[in-house]
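# Inside the fold
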Amino acid sequence: MNGVKKAMREAYGETLVELGEKNENIVVLDADLSGSTKTALFSKKYPERFFNAGIAEQNMIGMSAGLARTGKTVFASTFAMFATGRAWEQIRNSIAYPKLNVKVCATHSGITVGEDGASHQMTEDLAIMRVIPNMVVLAPADYYEAKSVIKWCANYEGPVYVRMPRGNTELIFNNEEDAKFELGKARKLKEGTDITIIATGEVVPEALKASEYLSNEGISAEVVSMTSIKPIDEVAISFAKDIIVTLEDHNVIGGLGGAVSEVVSSKGLNKRVLRIGINDTFGKSGPASELLTYYKLDGKSVAETIVKNL
């Protein structure tokens, strides 16, 4: 990491424009938040292929299903709270059940939404989306990986949920090729000999920082980025150290930590899993950086929690 920060939602909007130029079959829908989700970039370039459903997320998903039935590759966007919370039943029955080619790409996930507060901070979406059959669930780690993930989505036939935060996040990769996404494959970002930290989404940089703090305590932590939540990389989990720490901007129940624990349990792996995330509580209003510290998701706090629980 070099300290440079860029927003994944910017990568989303920019990539949609790139894809739209190459593929006239791509259509984009939004629920009156195109300025925030950055789908406005697509709407300005290709207004005839952009549809604003208004503040009616369930209708947006229904429209997406209809367009997919006509052979379109559909990207539907709004905040994670409204995409997965308000329209969950429509996603389940209208998109996932018939396995339609719709990509639900949600921004403003997790507590890093910040000042919007608990009502808009979605920390349950990984859990409720990965439980849906036929649904692929992805959470890119930085701007470049977000671009790679969206391009992968355009070539994948079927329903996908992509989770992206609101703010700027530190760049982990040098370019898009460096960040090339592969479904169901984790990526080892740092070698270590004592423990494995598996992180997802916008807190992957915090996992890397935590590993640096831990090195000062004499603990060697390898860091693995798990972009593909479903399907998850069972091989990477199997080869992890005997102590696995999961880190996510999501409820510890049902998210990355839950998914990793399921693999450890079902495969009978002799490993201990320490889940770090939102401890089954709602968020609060405040600057994203302060909320990360408050919920002990920043690198220093993560390292302290690990040391305390070893």
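Before any of the text, the structure's been laid out above.
Residues numbered from 1 in each chain as written. Predicted model: local features only at pLDDT ≥ 70, side-chain atom pairs only at ≥ 80, totals over all residues. Heavy atoms only, no water.

Under the defined criterion, the tally for this structure stands at 17 salt bridges. Between K190 and E212 there is a salt bridge, and its shortest N-O distance comes to 2.8 Å. Taken as a pair, K190 in strand β9 (residues 187-190) and E212 in helix α9 (residues 204-215) lie far apart in primary sequence, 22 residues in all. Since its relative accessible area comes to 23%, K190 is described here as partly exposed. Among the ionic contacts, a cluster of salt bridges with common partners joins E18, K147, K151 and E176. (Salt bridge = Lys/Arg side-chain N within 4 Å of Asp/Glu carboxyl O. Helix = DSSP H or I, 4+ residues; strand = E, 2+ residues; numbered from the N terminus. Buried < 20%, exposed > 50% of the residue type's maximum accessible area, 1.4 Å probe, protein only.)

On to the sheet that holds strand β11 (residues 221-225), then. Spatially, the 5 strands line up as an open sheet ordered β9-β11-β10-β13-β14, and their pairing is mixed. The open sheet is flanked by β9 and β14 (272-278), the only strands paired with a single partner. For this sheet the average axis-to-axis angle between neighbouring strands, irrespective of direction, equals 25 degrees. In the sheet, strand β10 (residues 195-199) pairs with strand β13 (residues 243-251) via 4 bridges, with the strands oriented parallel. Its bridge partner lying in β13, I198 is registered against T246. Packing against the sheet, helix α11 (residues 256-266) makes contact with β10, β13 and β14, and its axis sits at approximately 145 degrees to β13. (Pairing = 2+ DSSP bridges. Axes fitted to C-alpha atoms, helices over the stretch in contact; angles between N-to-C directions. Contact = heavy atoms within 4.5 Å.)

This part is about α11. What α11 keeps buried is the set L256, G257, G258, A259, V260, V263 and V264. Of the surrounding elements, those touching the buried residues of α11 are α7 (125-130), β10, β12 (228-230), α10 (234-238), β13 and β14. Just downstream of α11 lies G268, where phi reads positive at about 65 degrees.

Relative to the helices and strands, D125 resides in helix α7. Beyond its immediate stretch of four places on either side in the chain, D125 contacts A80, T84, S109, Y161, R163 and H250.

Note on placement: L214 falls in helix α9. L214 gets classed as buried once you look at its relative accessible area, which sits at 0%. Along the primary structure L214 and G299 are separated by 85 residues, whereas in three dimensions their C-alpha atoms are 9.6 Å apart.

Core analysis: the biggest nonpolar cluster contains 57 residues, and F75, I197 and I306 have the highest contact counts within it. The element best represented in this core is helix α8 (residues 143-155), accounting for 8 residues. Not counting residues within four places of it along the chain, the set of residues in contact with F75 comprises Y12, L16, L19, I26, V27, V28, L29, K103, C105, I150, C153 and A154. Counting residues in hydrophobic clusters, the runner-up holds 45 residues, among them M81, I95, Y161 and I244. (Core = buried A, V, L, I, M, F, W, Y, C linked by side-chain atoms within 4.5 Å.)

Next up on the list: the packing of aromatic side chains. Two descriptors summarise a pair of aromatic rings, namely the distance from one centre to the other and the angle between the planes of the rings. Tallied over the entire structure, the rule returns 6 aromatic pairs. Seen from their ring centres, Y143 and Y144 are 5.2 Å apart, and the 80 degrees between their planes marks the pair as edge-to-face. Summarising the burial analysis for this pair, Y143 and Y144 share the class buried. Ring centres of W152 and Y156 lie 4.8 Å apart, and the angle between their planes is 20 degrees; on these two criteria the pair is classed as stacked. For W152, a relative accessible area of 18% gives the class buried. Through a chain of ring-to-ring contacts, three or more aromatic side chains come together here, namely W152, Y156 and F181. Taking NZ or CZ as reference, R49 lies 4.4 Å from the ring centre of Y46, over its face. (Phe/Tyr/Trp six-rings, centres within 6.5 Å; stacked < 30°, edge-to-face > 60°. Lys NZ or Arg CZ within 6 Å of the ring centre and 35° of its normal.)

Our focus in this paragraph is the sheet that holds strand β4 (residues 73-79). By definition, the strands of a sheet pair up through backbone hydrogen bonds, in either a parallel or an antiparallel sense. The sheet built from 7 strands is open, its strands ordered β3-β2-β4-β5-β7-β6-β12 with mixed pairing. Edge positions in the sheet fall to β3 (50-52) and β12, since each has one partner strand and no second. Averaged over all pairs of adjacent strands, the angle between strand axes in this sheet comes to 20 degrees, irrespective of strand direction. Where β4 and strand β5 (residues 102-107) come together, 6 bridges link them in parallel fashion. Residue T78 lies in a different strand from β5, and its bridge partner there is A106. Where helix α1 (residues 8-22) meets the sheet, its contacts fall on β2 (26-30), β4 and β5, and the angle it forms with β4 comes to roughly 160 degrees.

Moving on: unusual backbone geometry. Residue P231 follows K230 across a cis peptide bond; omega there is 0 degrees. On the secondary structure map, P231 appears in the loop between β12 and α10. Although it is not a glycine, D280 sits at a positive phi angle of roughly 55 degrees. By the element assignment, D280 lies in the loop between β14 and α12 (288-294).

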